[in-house]
Amino acid sequence: MTNVLTSTKLTAYKGSVFYFTDNPRFNENAYEYFHDGVLYVEAGKIVEAGNYTDLQAKYPQAQVIDYTGMLITPGLMDSHVHYPQMEMVGSYGEQLVQWLGKYTIPTERKLSDRKYADKIANLYLDELIKHGTTSAAIFATISPTSSDALFEAALKRNMRVICGSAYMDVNTPEYACLPPHEVYDFNKILIERWNGKGRTNYAISPRSAYLLSPAEMEATQALILDYPEVHIQVHLAENKESGDMVGDLFPGLKSYTEVYDNYGLMREKTIMGHCVWLDDHEVELIAARKSSCAFLPTSNLFLGSGLFNLQKANKYRATVGLGTDYAAGTTLSMLKTMGEAYKVTQLRKAFADNPRAVEPLDPLENYYLATLGAARAMAIDEYVGSFESGKEADFIVLDSKSTQDLSIRSERSESISDLLFALQIIGDDRSVAHTYIMGNKMK
Ligand code: GUN
Ligand code: ZN
């Protein structure tokens, strides 16, 4: 693939246009929907979205691309994913800690080979585009080569991604460990090489507190103080066993979340993956620090980790984005991920003391979590996630006639909410007719 050149012509994409301007959970005017709509794009940026009949005369020079009957929305966003794990999706029979030791760390070792890393990075980003995902927060491995490969592949496609090499130093084989005294320079080199290049950002990625010694945490604290603007991504409270291990490693600290807070890791632009086993105080702390939660339903179901409590996150107004956590997660499709998120909320009802108090996940809120919500969780919403004028033109075209089951089901839909629900429950990469990155058609 060659570098992508952005078209400078004004283009009108006709179709049903839908996007969020805010969280529908807290704002009843949180979205825009134009059934006979149009999205104007020029030089890779959104010019305007609205009703076609209202805007047609304003832009007579626009070249029209007709997607009538299809749904044009912002690109889908994955707030937490591990690209090096592609070949081991569906690794059988283990829960988190054993799955990591038996399958994950040995597989990630292969990424120190640059040729293999390039192959997986390019395959991964091609798959993202195929699935309509235009941005992601991505973990690479302890090998800097794996970060280099991903960033180069993203630059070739001009994609807005966040990525960082995950590091750790305990409960891990020697070959996958980064000693505390190397934490600073290891990250500094990668930050200076990649952060802000093209549309990419580096994320400092201390993998998870059950894999880091207090000395590794201290080294991380020194690093992040020198890089206050750089993204951070971690795992938090994924399953009970890993939580107990954190308790053993940091006996003086009250909770898993407070371990991160103690070392200054919880700030704006920190994405905490999983957040399954948190008490109210921890969720409150995440919200107070303006960090965010990544809700990773297919992973939590596959590894049997637990059921994320969206209602609790909403109670404290913690920022939440949806993600795949591939390849503990079982799909790169954010449509399917939304379907599984819905099922998690349904299951929560089954286990609740007061089932009536547990609400099903609203299809609009679910779609928000995979678009603007995830962009907010990744702190890239000033660029992407909606169709406000001036935002970058990453968008998808969804075709509810793409398969027979979706076609017959969506014909019953009398509202945008129900159409989105049909897409979430039975849609997949076949429902994504086109994917545009900065106004360039990539699928
Ligand atoms: N915790 C630490 N590393 C990982 C990982 O790669 N995947 C998941 N699901 N949890 C983790
Ligand atoms: Zn993960």
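Everything below is about the structure shown above.
In this text, all values refer to a predicted model and were calculated from it rather than measured experimentally. (Residues numbered from 1 in each chain as written. Chains lettered and ligands numbered in written order. Predicted model: local features only at pLDDT ≥ 70, side-chain atom pairs only at ≥ 80, totals over all residues. Heavy atoms only, no water.)

## Considering the coordination of the zinc ion (ligand 2)
In plain terms, the rule: Donor atoms: N, O and S within 2.8 Å of the metal, or within 3.2 Å for Na, K and Ca. Because water is excluded, sites can look incomplete. Key to geometry: four donors with every angle between 85 and 135 degrees are tetrahedral; four donors are square planar and six octahedral where opposite donors lie over 155 degrees apart and all remaining angles lie between 65 and 115; all other sites are irregular. A helix here means a DSSP run of H or I that spans at least four residues, while a strand means a run of E at least two residues long, and both kinds are numbered starting from the N terminus. Exposure classes here rest on a 1.4 Å probe applied to the protein chains alone. A residue is buried below 20% of its type maximum, exposed above 50%, and partly exposed in between.
Note on the zinc ion (ligand 2): its protein donors are H80 (NE2), H82 (NE2), H235 (NE2) and D325 (OD). The metal-donor distances range over 2.0 to 2.2 Å. One way to put it: the 4 donor atoms around the zinc ion (ligand 2) meet at angles of 93 to 162°, and that makes the site irregular. Counting gaps between the donor residues of the zinc ion (ligand 2) yields the pattern H-x1-H-x152-H-x89-D. Placement of H80 in strand 5 (residues 76-82) and of H235 in strand 9 (residues 231-236) is noted, with a sequence separation of 155 residues between them. Judged on exposure class, the residue H80 and its partner H235 are both buried.

## Overview of the nonpolar core
Cut-off, in case you're wondering: We define a nonpolar core as any set of buried Ala, Val, Leu, Ile, Met, Phe, Trp, Tyr and Cys residues linked to one another through side-chain atoms lying within 4.5 Å. An automatic or database domain assignment supplies the start and end points of every domain. Any pair of residues with heavy atoms lying within 4.5 Å of one another is described as a contacting pair.
Ranked by size, the top nonpolar core spans 114 residues in total, and within it Y83, Y124, Y260 and Y367 carry the most contacts. With 8 residues, the top contributor of residues to this core is helix 3 (residues 114-130). A domain-level breakdown of this core finds at least three residues from each of domain 1 (11-75 + 386-441) and domain 2 (76-377). Once residues lying within four places of it in the same chain are set aside, the contact partners of Y124 are V81, Y83, M86, A136, I138, L150 and L332. Within the second largest apolar cluster, 16 residues are counted, among which are L39, I46, Y67 and A393.

## Examining helix 3
Going by this rule: To estimate how far a helix should extend, the number of its residues minus one is multiplied by 1.5 Å. Polar contact is defined as a pair of N or O atoms within 3.5 Å, subject to the rule that within protein one atom must be able to donate a hydrogen and the other to accept it, and that residues adjacent in sequence are counted only when both atoms are side-chain atoms.
In this model helix 3 runs 24 Å from its N-terminal to its C-terminal C-alpha over 17 residues, within 8% of the 24 Å that 1.5 Å per residue would give. The complete set of buried residues in helix 3 reads Y116, A117, I120, A121, N122, Y124, L125, E127, L128 and I129. Where helix 3 is buried, its residues touch strand 5, strand 6 (133-140), helix 4 (144-157) and strand 14 (432-437). Sitting at the amino-terminal end of helix 3 is D113, which places a side-chain oxygen 3.1 Å from the backbone nitrogen of K115. Where helix 3 ends, the next residue or the one after it, G132, has phi of about 80°, a positive value.

## A short note on the sheet that holds strand 10 (residues 270-274)
This is how the line gets drawn: Any two strands are treated as partners once DSSP identifies two or more bridges connecting them. Helix axes are fitted only over the stretch in contact, all axes being lines through C-alpha atoms; the angle between N-to-C directions runs from 0 to 180 degrees.
Pairing is parallel across the open sheet formed by 8 strands, whose spatial order is 5-6-7-8-9-10-11-12. Sheet topology places strand 5 and strand 12 (319-322) at the edges, where each strand pairs with a single neighbour. The sheet shows a mean angle of 25° between the axes of neighbouring strands, taken without regard to direction. Along the sheet face, helix 3 touches strand 5 and strand 6 and points at about 145° away from the line of strand 6.

## As for the site of ligand 1
Our working rule: Here, proximity means that at least one heavy atom of the residue falls within 4 Å of the molecule or strand. For the accessible areas, the method is Shrake-Rupley and the probe is 1.4 Å, while residue cover comes only from the protein chains on display.
Taken together, 14 residues lie near ligand 1, and H82, Q85, R207, E238 and D325 sit nearest. If ligand 1 stood free it would expose 280 Å²; the protein chains cover 100% of that surface. Top element by residues in the shell around ligand 1 is helix 2 (residues 96-109). It accounts for 3 residues.

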